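Observations on the model geometry
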Amino acid sequence: MKPNFIQKVTNWGNFPIVEKEMKSEDSFRKIKEFVQNHNEVIARGNGRCYGDASLGESIFSTKKLNKFISFDRLNGIIECESGVLLSDVLEISVPQGYFLYVTPGTKMISVGGAIASDVHGKNHHSEGCFSEYVLDFKLMTENGDIITCSKEENSEKFYATIGGMGLTGIILSARFKLKNIETAYIRQESIKAENLDEIFTLFEESESWTYTVAWIDCLQKGNNIGRSILMRGEHAFAHELPQKFSKKPLRLKKKFSPTVPFYFPGFVLNTLTVKLFNLLYYKKQAKKELKNIIDYETYFYPLDAISDWNKIYGKSGFIQYQMVIPKENGKEGMKKILETIANSGNGSFLAVLKLFGKNNPEAYNSFPIEGYTLALDFKVNSKLKKLVGQLDQIVQDFGGRIYLTKDSMSKSSLTDYLKNVESSKFVSLQHKRILNNK
C-alpha cells in the first residue's frame, strides 16, 4: 500500500513522470511541519515548467497559497501569495490600467515560480527580468523560519532565491510592481526574414521597441537557414485603437478556448508534418511586412488559447530546450545550432528567438546574459539525448548557458551558474542530476 500523498507527478512536458510525495497546504504552521519533517523538499507552483525542475522526493505544492493580499491601485503594487497565477494578476490588473512588467510566454505560471525561475519575456533587452520589479517576498527557510527578503533586507537570500529554482526555501508571498497601460491591446509589426542574416539585422534595428520576438523555421538549410518572422510590439495608446476596440479599451471579449481532448498518436509529429507546419506558418503572412492591432493575449500567450496543447506531443512527452549565446557569437552560434537540428531530423515547430540585454550581476542565478536566446520543443524519442548532447557542446563552445526552467537532460557544465546547491534541504531531481553530472 502506498503512503499518503504519493502520486504520479510530471510537469508540462509530461517527461519525466515520477511517483513522489506531494502535498499542498495554506496554513503556514502546517507548511512548517512539512518542511521540518522531511529531509528533502522542493516547492512546485502550477507545474508549467518543463522537465524535472520542480520534481523531488517530497514536493510542496503552492496551489492553495492562492490569495491576493493587497492591490495599491495608485502606485500599481500587488501583494499576493506565491501560488497566485499570472493569469489571476492580469484579470484584476488590466481593467485597472496595469500590466505585468515582465511575462513569459504563458500566463499560467505562479508568482512564486516566476521568481524562482526569474522569468524573462519579449522585452528583456529593454526591461529586464521579473525580479527587477519584485519589491520583497516572504521565504520559509529550512528550519521553518519565515523571513522577508528584499534588495535591502536579507539581500543575500533575495538574490540567491531569484533564479535559484527553489533551493533556498518556499516562497510564501510577494510584492511586485506593475506598469501603466492605456489599453489591453498591442500595436504589432510582423516582418518576414528570409535567413539568419536578415533576422539578426531586424533584431538590431528593433532594439528601440519594447517587445521583440521571432518565430524561426529550424528545419531550413543553406541560404534559407534561419527563415523567420519577427514580431515587434508596443502597448497601444487609446487613440491608436480602431473603433471596435475603443469603447472598452481595457476589457477583452471572452474567447472560445478549444481543448486537445487526448494524447496524439506518436506518428503524428514527424519531420514531414513539422516541415509542412513551418511552411504554412511562414506563407500565411502574404506580405513582407504587416501592421495591426491585436489584444495582449494573442501577442503574449498564443498557446494559452488551446487547453492541454502539450498532449499534441503524445504520451511520450516532450522537452523544451532553451539556450543563450553571447551577443558577439550570436549569429555564428545560432547557425551551428540550426544546422545541427536540421541535420538531426528532430524538428521543432515551436522555435522562438529573442534578444537579451545586459544581465543583472547581483542576480547571479538568473539565466539571461547579453545575447540571443533560442527556445525549441522536441518530442521525446530515442534520438533526442544524442541531439541534446550535440547542442550542449555547441552552447558550451560559444560560451552560452541553458535555462534550468526548461532543462531535463543537459550536463552540469552548462548549469554551473546555479550556486549553493549542496547547502540546502530544498533540492529537486534537477539539482541532483546537475550535482551528479548526469
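An unreviewed UniProt entry annotates the protein chain as FAD-binding oxidoreductase of Chryseobacterium turcicum. What UniProt states about the protein chain under its Sequence similarities (unreviewed entry) heading is, verbatim, "Belongs to the oxygen-dependent FAD-linked oxidoreductase family."

Notes on unusual backbone geometry
Geometrically, the link from Phe15 to Pro16 is a cis peptide bond, its omega value of -5° lying close to zero. By the element assignment, Pro16 lies in the loop between strand S1 (6-9) and strand S2 (18-24). The backbone of Asn14 shows a phi angle near 55°, a positive value even though the residue is not glycine. Along the chain, Asn14 turns up in the loop between S1 and S2. The phi dihedral of Met165 is positive, around 60°, even though this residue is not glycine.

Structural notes on the UniProt feature "domain: FAD-binding PCMH-type" (unreviewed entry) in the protein chain
In the numbering used here, UniProt assigns the feature "domain: FAD-binding PCMH-type" (unreviewed entry) to residues 10-181. This span, residues 10-181, is 20% helix and 29% strand, and a straight line between its end C-alpha atoms measures 36 Å.

Description of empty space enclosed by the protein
Here the structure, examined in full by the defined rule, presents 3 cavities of 30 Å³ or more. Taken together, Ile319, Gln320, Tyr321, Gln322, Val388, Ile402, Tyr403, Lys406, Asp407, Ser408, Met409 and Ser410 make up the full set of residues lining the largest cavity. Sorting elements by how many residues they give to the lining of the largest cavity places strand S15 (residues 318-326) first, with 4 residues. Grouping the constituent residues of the lining of the largest cavity by class yields 6 nonpolar, 4 polar and 2 charged.

Focus on the UniProt feature "transmembrane region" (unreviewed entry) in the protein chain
Using the residue numbers shown here, the UniProt feature "transmembrane region" (unreviewed entry) corresponds to residues 262-282. Overall, residues 262-282 shows 57% helix and 0% strand. The separation of its end C-alpha atoms is 28 Å.

Reading the values: the criteria
- Residues numbered from 1 in each chain as written.
- Predicted model: local features only at pLDDT ≥ 70, side-chain atom pairs only at ≥ 80, totals over all residues.
- Heavy atoms only, no water.
- UniProt positions renumbered as here; feature names shortened; annotations may be inferred.
- Helix = DSSP H or I, 4+ residues; strand = E, 2+ residues; numbered from the N terminus.
- 1 Å grid on protein atoms, 1.4 Å probe; cavity = no way out; pocket = protein on both sides within 12 Å on 5 of 7 lines; lining within 4 Å.
- Points joined across faces, edges and corners; volume = space filled by probe spheres on them.
- Nonpolar A, V, L, I, M, F, W, Y, C, P; charged D, E, K, R; others polar.

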